[in-house]
Amino acid sequence: MHEPQPETVQIHINGKSVRVATGSTVAVALTLTEQACRISVRHEERGPLCAMGICMECRVTIDGVPSRLACQTLCQPNMDVRTHG
Amino acid sequence: MASVRQHSFDVLIVGGGPAGMAASSTAAAHGHKVAIVDDNPSLGGQIWRGRSFSSASKRAADKTAAAWYRKVQNAQITHLSGLRVFDSAQAGVLLAESQDGPNSQYGQWELHYRKLILATGAQERFLPFPGWTLRNVLGAGALQSMVKSGLPVAGKRIVVAGSGPLLLAVAAYMRAHGAQVVEICEQASMGQLAAFAFGLLASPERILQGMQYKLQLLGTPYRTGCWPVAAYGTQRLETVVLSDGRRTREIPCDYFACGFHLVPNVELPALLGCHLKNGFVEVDPLQQTSVPDIYCVGEPTGIGGLEQALVEGEIAGLASTGRVEQAQPLQRERKKMQSFTERLEKAFALRPELRRLPDAQTIVCRCEDVTFSQVREYASWRAVKLHTRCGMGPCQGRICGTAGEFLLGWNANSVRPPILPVRFQTMAVAPAIQEIKSQNG
Ligand SMILES: Cc1cc2nc3c(=O)[nH]c(=O)nc-3n(C[C@H](O)[C@H](O)[C@H](O)COP(=O)(O)OP(=O)(O)OC[C@H]3O[C@@H](n4cnc5c(N)ncnc54)[C@H](O)[C@@H]3O)c2cc1C
Ligand code: FES
């Protein structure tokens, strides 16, 4: 089947710009660029576990709002994502 | 403080997966005021996830999806996306909050209903083993969800492990997206599965589905009686160790997709007082729960998969709008599916060896980093929460509680509102939660 070339969207992760396919979640952008979402109580790097909004391992700060779930948030143009918040 | 928005509906559906989509489009057919609320950006639940499907597709599964999306679009339904139901204010009123945060014009929502249909779905069961907190160790369905929402996996080495039919679906999906699926590891024994496969003769469509997966998976070993014992790497995953009880093998990989079948999301039904039986919501043949005017459909009533979710949704859509006779043929269909669900449960029952997966230092509660040695001495879920911080973090025991149920026999079904963590400013009313939240940053 013919698949149209996916359009991309640019977001900023900790100040660095990242380009991902339109429709990608923030969790996808973080995993793709091999970045952790948060640092745990015992200083472990953590990334997504459930990808469905229940484990809360993917929480990051988005456009200044803390504790947003990266796995349930779509990347929007020029979104500002901060990890390890 | 954000404003509270109030809305009233004849029929309110919580959960926008296949079950909720079937329920809402069926209920809306006769001019009732219907709304569907889901915490994701778009409808479709775990299997469809808001992707677009074409009715012209050759695949029957895509056609089904396309047809249901069309039904929902053509019906008069208020779609409340990105809203999570977290509490019940009083009978007939649910509280929900926006995922958009305090800057959005929508803060907290009060949703009033005459009839309520709960279609909250299921989650994967996660079991702790050394290394399970490393990055790139995810649920099996979870990795698939990430790929469905844009993660490229072409050329990546993936090991799929745990339990349940989902492992095959996930592996086939990864293969189709160019990943190198190194192997699939099913903890259930061949004998256990053979009994199940024999029972399958009664449902030819499912055999067909199974065969399709098999063809797509040619060349990928499917090992039964095999389970993960550890994952290694510095911060990020590098290798996994698999065991069949006699010998272990260490396999390098980029992603480890590991989930132990599914557990129903029964927090909201339980909060509303619906009676549970063996961990599932008890319903009558019209999908009515023990609480008047509250129906339940899909995975919370039994892990039955897509077809059962759709049929149950239709039944509840009809029943909640007074069209009981029309539901009768669907009820017969549902009844046939039920024995499949029961056999599935038996086939993928977890082996006792898995209770020894965590070692003393393995983190059980990922929110608070509480280890297995800290929790194993407590006999009840209540005691663990009282003496350690296990289960007190933002996931509120959704991960560690379900693991503890299997590992240590905790009864994790005792929920207290709010069922899911709420954002800071909605929480001005709940100082205790606020404290937990600020500690977790
Ligand atoms: C991660 C995962 C992946 C899966 N992948 C497949 C697959 O590829 N193929 C397959 O055949 N089956 C898959 N399944 C099984 C699938 O869930 C069933 O086959 C079936 O589709 C279930 O439909 P449902 O409508 O009952 O539940 P779901 O599809 O799970 O829908 C429930 C919806 O309710 C929402 N929800 C729950 N609680 C709340 C709340 N409090 N407030 C607001 N919204 C809420 C959830 O976010 C979800 O969108 C998967 C399951 C999981 C957990
Ligand atoms: S990955 Fe679990 S909540 Fe986002």
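What comes next concerns the included structure.

Each value, and the rule that gives it
Residues numbered from 1 in each chain as written. Chains lettered and ligands numbered in written order. Predicted model: local features only at pLDDT ≥ 70, side-chain atom pairs only at ≥ 80, totals over all residues. Heavy atoms only, no water. Helix = DSSP H or I, 4+ residues; strand = E, 2+ residues; numbered from the N terminus. Rg over C-alpha atoms; globule rule 2.2 N^0.38 Å. Contact = heavy atoms within 4.5 Å. Buried < 20%, exposed > 50% of the residue type's maximum accessible area, 1.4 Å probe, protein only. Pairing = 2+ DSSP bridges. Near = heavy atom within 4 Å. Polar contact = N/O pair within 3.5 Å; in protein donor to acceptor, adjacent residues only side chain to side chain. Nonpolar A, V, L, I, M, F, W, Y, C, P; charged D, E, K, R; others polar. Axes fitted to C-alpha atoms, helices over the stretch in contact; angles between N-to-C directions. Left-handed = near helix turned anticlockwise from the far one by under 90°. Salt bridge = Lys/Arg side-chain N within 4 Å of Asp/Glu carboxyl O. Expected span 1.5 Å × (residues − 1). Parallel < 35°, antiparallel > 145°, perpendicular 65-115°, else oblique.

What to know about the overall build of chain A
Link 1 in the chain: Secondary structure assignment for chain A yields 1 helix and 7 strands.
Link 2 in the chain: Listing each helix as α and each strand as β along chain A from the N terminus yields β-β-α-β-β-β-β-β.
Link 3 in the chain: Against the globule reference of 12 Å for 85 residues, chain A gives a C-alpha radius of gyration of 13 Å, in line with a compact fold.
Link 4 in the chain: Principal-axis analysis of the C-alpha atoms places the extent of chain A at approximately 45 × 25 × 20 Å.
Link 5 in the chain: In chain A, the proportion of contacts linking residues at least 24 apart, taken out of those at least 6 apart, comes to 39%.

Quick notes on the pairing of strand S2 (residues 34-38) of chain B
Residue and element names in this part refer to chain B.
Link 1 in the chain: Within S2, 5 of the 5 residues are buried, which leaves the element mostly enclosed by the surrounding structure.
Link 2 in the chain: As paired elements, S2 and strand S3 (residues 77-81) share 5 bridges and run parallel to each other. The residue of S3 that forms the bridge with Ala35 is Thr78.

Things to note about the site of ligand 1
Link 1 in the chain: Taken together, 32 residues lie around ligand 1, and Ala19(B), Asp38(B), Asp39(B), Gln46(B) and Gln144(B) are the ones closest in.
Link 2 in the chain: Chains contributing residues near ligand 1 are chains A and B.
Link 3 in the chain: Residue Ala19(B) places a main-chain N or O atom 2.9 Å away from an oxygen atom belonging to ligand 1.
Link 4 in the chain: Side-chain polar atom of Asp38(B) to an oxygen atom of ligand 1: 2.7 Å apart, as the coordinates give it.
Link 5 in the chain: Every element with two or more residues in the shell around ligand 1 is listed here: helix H1 (18-28), helix H2 (45-48), strand S4 (83-90), strand S7 (122-124), helix H4 (140-148) and helix H9 (305-319) of chain B.
Link 6 in the chain: For the shell around ligand 1, the class distribution of residues is 13 nonpolar, 13 polar and 6 charged.

Regarding the sheet that holds strand S15 (residues 255-260) of chain B
One key point about sheets: their strands pair by backbone hydrogen bonds, in either a parallel or an antiparallel sense.
Residue and element names in this part refer to chain B.
Link 1 in the chain: Taken in spatial order, the 5 strands of this open sheet run S8-S15-S9-S10-S11, and their pairing is parallel. Pairing within the sheet leaves two strands with one partner each, and these edge strands are strand S8 (137-138) and strand S11 (222-224).
Link 2 in the chain: Pairing of strand S9 (residues 157-163) with S15, which is carried by 6 bridges, proceeds in the parallel orientation. Across the sheet, residue Ser163 finds its bridge partner in S15, namely Phe260.
Link 3 in the chain: The strands that H4 touches are S8, S9 and S15; relative to S15, the one it contacts most, it runs at about 130°.
Link 4 in the chain: Set on the sheet, helix H5 (residues 166-176) makes contact with S9, strand S10 (180-186), S11 and S15; between it and S10 the angle comes to about 175°.

Quick notes on the packing of H4(B) against H5(B)
Two measures define how a pair of helices packs: the angle their axes make with one another and the distance between the axes.
Residue and element names in this part refer to chain B.
Link 1 in the chain: Contact geometry of H4 with H5 gives a least axis separation of 9 Å together with a crossing angle of 30°. Between H4 and H5 lies a crossing whose hand is left-handed. Contact residues: H4 offers Ala140, Gly141, Leu143, Gln144, Val147 and Lys148, while H5 offers Leu166, Leu167, Ala169, Val170, Tyr173 and Met174.
Link 2 in the chain: Taken together, the residues of the contact of H4 with H5 sort by class into 9 nonpolar, 2 polar and 1 charged.

Thoughts on the interface of chain B and chain A
Link 1 in the chain: The interface of chain B with chain A comprises 48 residues on the first partner and 40 residues on the second.
Link 2 in the chain: Across the chain B-chain A interface, the total number found is 4 salt bridges.
Link 3 in the chain: Remark: the boundary between chain B and chain A carries 18 residue pairs in polar contact (both at pLDDT 80 or more).
Link 4 in the chain: At the level of elements, S7, S8, H4 and helix H14 (431-440) of chain B are the ones that each hand at least two residues to the side of chain B that touches chain A.

Quick look at H4(B)
Link 1 in the chain: Within H4(B), 9 of the 9 residues are buried, which leaves the element mostly enclosed by the surrounding structure.
Link 2 in the chain: Within two residues after H4(B), Gly150(B) carries a phi angle of roughly 115°, on the positive side.

Some details on the environment of Trp132(B)
Link 1 in the chain: Inspection of the secondary structure puts Trp132(B) in the loop between S7 and S8.
Link 2 in the chain: By relative accessible area, which is 3% here, Trp132(B) ends up buried.
Link 3 in the chain: Taking the C-alpha atoms as reference points, Trp132(B) and Leu271(B), separated by 139 residues in sequence, lie 30 Å from one another.
Link 4 in the chain: Once residues lying within four places of it in the same chain are set aside, the contact partners of Trp132(B) are Leu49(A), Phe126(B), Leu127(B), Val137(B), Thr362(B), Ile363(B), Val364(B), Arg366(B) and Ile399(B).

A word on unusual backbone geometry
Residue and element names in this part refer to chain A.
Link 1 in the chain: Located in the positive-phi region is Ala51, a residue other than glycine, with phi close to 55°.
Link 2 in the chain: Phi at Met56 is positive, roughly 65°, even though this residue is not glycine.
Link 3 in the chain: By secondary structure assignment, the location of Met56 is in the loop between strand S4 (45-46) and strand S5 (59-62).
Link 4 in the chain: The class for Met56 is buried, based on a relative accessible area of 5%.

Considering H9(B)
Residue and element names in this part refer to chain B.
Link 1 in the chain: Along its 15 residues, H9 runs 21 Å from first to last C-alpha, staying within 8% of the 21 Å computed at 1.5 Å per residue.
Link 2 in the chain: By the criterion of burial, H9 is predominantly enclosed, with 11 of the 15 residues buried.
Link 3 in the chain: Of the residues making up H9, those classed as buried are Gln308, Ala309, Leu310, Val311, Glu312, Gly313, Ile315, Ala316, Gly317, Leu318 and Ala319.

A few points about the packing of H1(B) against helix H3 (residues 60-74) of chain B
Residue and element names in this part refer to chain B.
Link 1 in the chain: Axis separation between H1 and H3 bottoms out at 9 Å; the angle between their running directions is 40°. Between H1 and H3, the interaxial angle falls into the category oblique. Of the two possible hands of crossing, H1 and H3 adopt the one that is left-handed. Contacts between H1 and H3 pair Met21, Ala22 and Ser25 from the former with Trp68, Tyr69, Lys71 and Val72 from the latter.

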